[in-house]
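Chain by chain, the residues run as shown.
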Amino acid sequence: MIADDIKSSFISNYKKKPLLVRAPGRINLIGEHTDYNMGVVLPASIEKAIYFAIQKNEREIINIETFLTAPEKIVFELNGDHKPYQAFWGNYFKAIIEIMIEKGYSLEGFDCVFGGDIPIGAGLSSSAALCCGFILGVSEILGLSISKEENALIAQAAEHKIGLNCGLMDQYAVLFGKKGNALFLDCKDLTLDYVPINLKGYSWALIDSKIKHNLAVDSEYNKRRNSCETVVSVINSSIKPVSSLREVTMEDLEKVQMELSPTDYTRAKYILEENGRVHKMMDALKSGNGNLVGSILLEGHWAMSTQYEITTPELDFLVKIGEGLEGVLGSRMMGGGFGGCTINLLKTDQLESSLEAIKKAYYTETQITCETYPLEIGDGVHLLK
Ligand code: GLA
C-alpha cells in the first residue's frame, strides 16, 4: 500500500515517526467552469490519493521528497531566496510556503515524503490534492489550526501564483468530500450539501483518454475566464450592476449580444446553461433516474465541445463511442479541459463489455490505449492513524 511505503521511506530517511495525511483526487459530475463564475458544481472526492508523511525537524530547512513520478527531492531554506524548481510539484509547495509566510503564519523546519496514485494531468485534480494535503500536514505538525476553508483559499492562491486562475471547486471537493456522495457546492456563498451518487443497476467509471493537459501553461483556461469577465463588465455598464455571471439571466445576455464577440456570448451562454444542468442533475440523482443522469452528462459534454470549446477530438470520440452503445447511458469530459478523463454512467450488467468495446474502438481510431477505472467515492482530506 502506498501509505505504508511513504511511511517506511520517511522513517528510514529521517529516523522518526511521521504524521500521515491522505489527500484524494476529485471527479466532477457536472458544473464545469461554473465555479469561478460563482455558480454551482457537483464534484466528489475519489479513492485515488496523494499520501504525505511529515514531521518537524527542529532546523531552518524544509526537506521534501517524493517518488510521485520519479525520485526527486527539494530543500527549501526557510529564509532563503528560491528559484523555480525543476520538479512541477516543487513550485506548488514553494508557492504555498510563500503564501503562508505572507499571511503571517510562523513556519518552522520540517521533513516530508509524499507519493500517490492520482494520474497527473488527467483531470482528477492531482494539484488540489497535492496542495490541500500538504497544507493540512504543515498545519497539524506546526499547530497552525488552519481551517478547511482557509486551506482551500491558500491552495487556490498557490494555483493562481503558478498561473491558473481557477475557482474553488477542486479544493472544496478534496477537502469536504464524503464517501459515496457528491458535493453540491454553491460557489457564491460556499454553502454545501451532499447527494448520494449510487444508482441501482448502474455503475460509474472513468476513462482516461491519455491526452495530458497542462492548464496553467497553455492558458486556454484563463482565456475562458477572461471572456466571462468581459461579459460581466458589459452587462454592468449597460444593463445592471452584477459582480458575476451568477447574477446574469439569459434575457440580460440577449440584450447585450450585439455588444459582445460571438465567442464571449457563446461562452457566457454555456455558463448559464451549465448551472441549470447542475440543478437538473441533483434532481435526477435524487430520483434515481439513470436515463436522465446519462442524458445530462451528454448534454454537458457536447456543450463543452461546441460552446465552451474545451474538449479534444479524442475526448469527443470517447463520448461518441459510448453514445452508440446500449450499455452506456452517458459520458462527459471532466475538469478544466483539453485532455484527461471522461466520467461515464454504465449499466452494471454490461459494464465490462461496454468498457472493452470503448477501449477497442478508441484504439482503432487513435492508436492510443485508454485506461478505465471503476469510480469509487471516498472521504476528503484526513489524517491517517
Ligand atoms: C479546473 C479548475 C477548477 C474548475 C475546473 C473546471 O479543475 O481548477 O477551479 O474551474 O477546472 O470546472
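Our subject in this report is the structure included herewith. Because the structure is a prediction, the values reported are computed rather than measured. Every chain is numbered on its own, with residues counted from 1 as its sequence reads. Predicted model: local features are reported for residues with pLDDT of at least 70 only, side-chain atom pairs are reported and counted for 80 or more only, and whole-chain, interface and lining totals are derived from all residues. Hydrogens and water are ignored here; the side-chain numbers use all heavy atoms of the structure.

### A closer look at unusual backbone geometry
Inference 1: A positive phi angle, close to 55°, is found at Lys15, a residue other than glycine.
Inference 2: Even without being a glycine, Glu309 presents a positive backbone phi close to 50°.
Inference 3: Working definition: helices are DSSP H or I runs of at least four residues, strands are E runs of at least two. Numbering for both runs from the N terminus. By secondary structure assignment, the location of Glu309 is in the loop between α10 (290-306) and α11 (313-323).

### A short note on the site of the ligand
Inference 1: Here a residue is considered near a molecule or strand provided that any single heavy atom belonging to it is located within 4 Å of it. By nearness alone, 14 residues border the ligand, and Glu32, His33, Asp35, Asp170 and Tyr221 come closest of all.
Inference 2: Within the side chain of Arg26, an N or O atom sits 3.1 Å from an oxygen atom of the ligand.
Inference 3: Polar contacts, as used here, are pairs of N or O atoms within 3.5 Å; protein pairs need one atom able to donate a hydrogen and one able to accept it. Residues neighboring in sequence count only if both atoms are side-chain atoms. Between the ligand and Tyr221, the relevant distance is 2.5 Å, taken from an oxygen atom to a side-chain nitrogen or oxygen of the residue.
Inference 4: Each of domain 1 (2-196 + 379-384) and domain 2 (202-375) contributes no fewer than three residues to the shell around the ligand. All domain edges in this entry derive from an automatic or database-based domain assignment.

### Describing the sheet that holds strand β10 (residues 328-333)
Strands in a sheet are paired, the pairing made by backbone hydrogen bonds, and the direction either parallel or antiparallel.
Inference 1: One requirement defines pairing of two strands: DSSP has to find at least two bridges between them. Spatially, β10-β11-β9-β12 is the arrangement adopted by the four strands of the open sheet, whose pairing is antiparallel. The open sheet terminates on both sides in strands that have one partner only, identified here as β10 and β12 (371-374). Going across the sheet, the axis of each strand differs from the next one's by a mean of 25°, ignoring polarity.
Inference 2: Judged from the four bridges that link them, strand β9 (residues 202-208) and β12 form a sheet pairing that is antiparallel. Within β12, the position partnered with Ile207 by the bridge is Thr372.
Inference 3: The strands that α10 touches are β9, β10 and β11 (341-347); relative to β10, the one it contacts most, it runs at about 30°. Under this scheme, a helix contributes an axis fitted over its contacting stretch, all axes are lines through C-alpha atoms, and angles between N-to-C directions fall in the 0 to 180 degree range. We call two residues in contact when some of their heavy atoms are within 4.5 Å.

### Describing the nonpolar core
Inference 1: Counting residues in each nonpolar core, the largest one holds 85 residues, and the members touching the most others are Ile27, Leu42, Phe134 and Trp204.
Inference 2: Of the residues forming this core, the biggest block, eleven residues, is contributed by helix α3 (residues 126-142).
Inference 3: There are two domains that each give this core at least three residues, and those are domain 1 (2-196 + 379-384) and domain 2 (202-375).
Inference 4: Those residues in contact with Ile27 that sit more than four places away from it in its chain are Pro43, Ala44, Ile46, Leu124, Leu206, Met334, Ile343, Leu375 and Ile377.
Inference 5: Of all hydrophobic cores here, the second largest spans 27 residues; its members include Tyr36, Cys228, Val232 and Leu245. Within this scheme, the nonpolar core is defined by two criteria: the residues are buried Ala, Val, Leu, Ile, Met, Phe, Trp, Tyr or Cys, and they are joined through side-chain atoms within 4.5 Å. With a 1.4 Å probe rolled over the protein chains alone, any residue whose accessible area is under 20% of its type maximum counts as buried; one over 50% counts as exposed, and the rest are partly exposed.

In short, geometric facts, not functional conclusions.
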